[in-house]
Amino acid sequence: MTEDPLAEAGVPAPPVRLRGALDTLPAYTPGRPATVREGLTAYKISSNENPYPPLPSVLDAVREAAAGMNRYPDMAVATLTTRIAAHLGVPPERISTGPGSVGVLDQLVRATCDDGDEVVFAWRSFEAYPILVTLAGARPVMVPLAPGARHDLDAMADAVTDRTRMVLVCTPNNPTGTTVGAAELEAFLDRVPQDVLVVLDEAYVEFVDAPDAPDALAVHAARENVVVLRTFSKAYGLAGLRVGYAVAHEPVAEALRKAALPFGVNTLAQVAAVSSLEAGDELVVRVKDLVAERERTVAALREQGWEIPDQQANFVWLDLGEDTAAFAEACDAEGLTVRPYLTDGVRATVAEPEANNRLVEVAGRFLADHPR
Ligand SMILES: *Cc1c(COP(=O)(O)O)cnc(C)c1O
């Protein structure tokens, strides 16, 4: 059927032209499901998901809304935006929603960065950061964590140049679990030029109990260039529905709405988030239980001799260095899927007590075999 003489002569077509930026990105590798072991419940503790099933009230609202899936979602996300604003005590004009806070972050990068502009963030931190920044044509500037697996805010301020459009502060930091202090954050913000956006990624804020943690909304209220990012994926247990938001001053919030993919937040996500805000009291109880489990697990691990930085999210960070892969395999052999990071360490989500107990057991045996 072909009328292309080159093709007829057997000359292969040239490869489709793709962006060079893609060459620097890793190919997507799907997470391995937990290996099934006879008589052993498998736990996937690699994605910081909420182990609790959805609240019945939230599930009912989603079921009811599912009957309208032939219609487009509310593009303005009006009800949810109003509820979030009321919940936080900020004007609705300052809220911009997206498909997960990763979706909102993507909008932020695309609203601020032209080719070659720079985005500063700590490393190791959230793995989506270098990917979103690179895909937008911007340059990731990765500043090593300070001892104690904490953000080195001084070094991050030093890394700001006249090409910097955005600085990401992940607090608590994924995957190391540490928060920045309120005072050091103020000192840092005093040093960052006021036309550079500073994003406080608070995906795990509900789990924070450190007395010196910043009040990000107050910091935002006082500074035009500060944005707070939050999500319904972790504490609210809606990871599968994809909804998150930014709290930003109006020029930025408006830019975010312009940069958004139309209809990005689907109807079920909108409905589930609204009814989750209404079920706040029930969710607070769950969050408290997870924080108590975190404290219990961290205490047991420290008792064994592990050195663990202050943990403020719904996961535990184990700084394993070269033993990272071996530890992840030891966990897998016991039906636990954890998240290994090359030769840095392992992140394990705080989950059901049985999963946490098993993690402690595996870690104890591992430490005996691999003294640190
Ligand atoms: C999980 C996570 C998010 C949120 O992800 P979404 O599911 O897209 O809302 C954002 N930032 C960090 C650091 C996270 O760990």
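Residues numbered from 1 in each chain as written. Predicted model: local features only at pLDDT ≥ 70, side-chain atom pairs only at ≥ 80, totals over all residues. Heavy atoms only, no water.

Caption draft 1: Quick look at the pairing of strand β3 (residues 118–123). In terms of burial, β3 is largely enclosed, as 5 of its 6 residues are buried. Direction of pairing for β3 relative to strand β4 (residues 139–144): parallel, over a ladder of 6 bridges. Bridge pairing links W123 to P144 in β4. Viewed along the sheet, the connection from β3 through helix α5 (residues 128–135) into β4 turns out right-handed. For β3 and strand β5 (residues 164–170), the ladder comprises 4 bridges, and the chain directions are parallel. Bridging across to β5, F121 finds its partner in L168. (Buried < 20%, exposed > 50% of the residue type's maximum accessible area, 1.4 Å probe, protein only. Helix = DSSP H or I, 4+ residues; strand = E, 2+ residues; numbered from the N terminus. Pairing = 2+ DSSP bridges. Right-handed = clockwise from strand over helix to strand, strands pointing away.)

Caption draft 2: Quick look at the site of the ligand. As a matter of local geometry, the ligand sits amid 13 residues, with Y204, T231, S233, K234 and R242 nearest to it. In the environment of the ligand, an oxygen atom lies 2.6 Å from a nitrogen or oxygen atom belonging to the side chain of Y204. At a separation of 2.6 Å, an oxygen atom of the ligand approaches a polar side-chain atom of R242. In the complex, 94% of the free accessible area of the ligand, which totals 380 Å², lies under the protein chains. Looking at the shell around the ligand residue by residue, the classes come out as 5 nonpolar, 5 polar and 3 charged. (Near = heavy atom within 4 Å. Polar contact = N/O pair within 3.5 Å; in protein donor to acceptor, adjacent residues only side chain to side chain. Areas by Shrake-Rupley, 256 points an atom, 1.4 Å probe, with all protein chains shown as cover. Nonpolar A, V, L, I, M, F, W, Y, C, P; charged D, E, K, R; others polar.)

Caption draft 3: Region of interest: the packing of aromatic side chains. Here the structure, examined in full by the defined rule, presents 10 aromatic pairs. Among the aromatic side chains, those forming a connected cluster through ring pairs are F121, W123, F126 and Y129. One residue, R347, lies across the ring of F315, its end atom 5.9 Å from the ring centre. (Phe/Tyr/Trp six-rings, centres within 6.5 Å; stacked < 30°, edge-to-face > 60°. Lys NZ or Arg CZ within 6 Å of the ring centre and 35° of its normal.)

Caption draft 4: Inspection of the pattern of salt bridges at higher detail. Scanning the model with the defined rule gives 22 salt bridges in all. A salt bridge links D154 to R191; the shortest N-O distance between them is 3.5 Å. Of the two residues, D154 sits in helix α6 (residues 153–158) while R191 sits in helix α7 (residues 182–191), which places them 37 residues apart along the sequence. With a relative accessible area of 51%, D154 lands in the exposed category. Overall, R191 belongs to the partly exposed group, its relative accessible area being 43%. Salt-bridge contacts for R294 lead to E295; the nearest nitrogen and oxygen are separated by 3.0 Å. Looking at R294, the relative accessible area reads 0%, which means it is buried. (Salt bridge = Lys/Arg side-chain N within 4 Å of Asp/Glu carboxyl O.)

Caption draft 5: Up close: the domain arrangement of the protein. Here the protein is described as being made up of domain 1 (27–52 + 281–369) and domain 2 (66–278). Using C-alpha coordinates to define each centre, domain 1 is positioned 25 Å away from domain 2. At the junction of the two partners, domain 1 supplies 21 residues and domain 2 supplies 23 residues. Taken together, the two surfaces of domain 1 and domain 2 that pack against each other cover about 1,800 Å², and 57% of this comes from carbon and sulfur. Taken together, the connections running from domain 1 to domain 2 amount to 3 salt bridges. One salt bridge connects D344 with R124, and the closest N-O pair in it is separated by 2.7 Å. The interface formed by domain 1 and domain 2 contains 12 residue pairs in polar contact (both at pLDDT 80 or more). (Domains from an automatic or database assignment. Contact = heavy atoms within 4.5 Å. Buried area = accessible area lost by both parts, 1.4 Å probe.)

Caption draft 6: A look at the sheet that holds strand β7 (residues 226–231). Read across the open sheet, the 7 strands follow the order β2-β8-β7-β6-β5-β3-β4; overall the sheet is mixed. The open sheet is flanked by β2 (95–98) and β4, the only strands paired with a single partner. Each strand of the sheet is rotated relative to its neighbour by a mean of 25 degrees, with strand direction disregarded. In the sheet, β5 pairs with strand β6 (residues 197–201) via 5 bridges, with the strands oriented parallel. Paired with V167 across the bridge in β6 is V198. Across the sheet, helix α3 (residues 78–88) touches β2, β7 and β8 (244–247), and the angle it forms with β2 is around 125 degrees. (Axes fitted to C-alpha atoms, helices over the stretch in contact; angles between N-to-C directions.)

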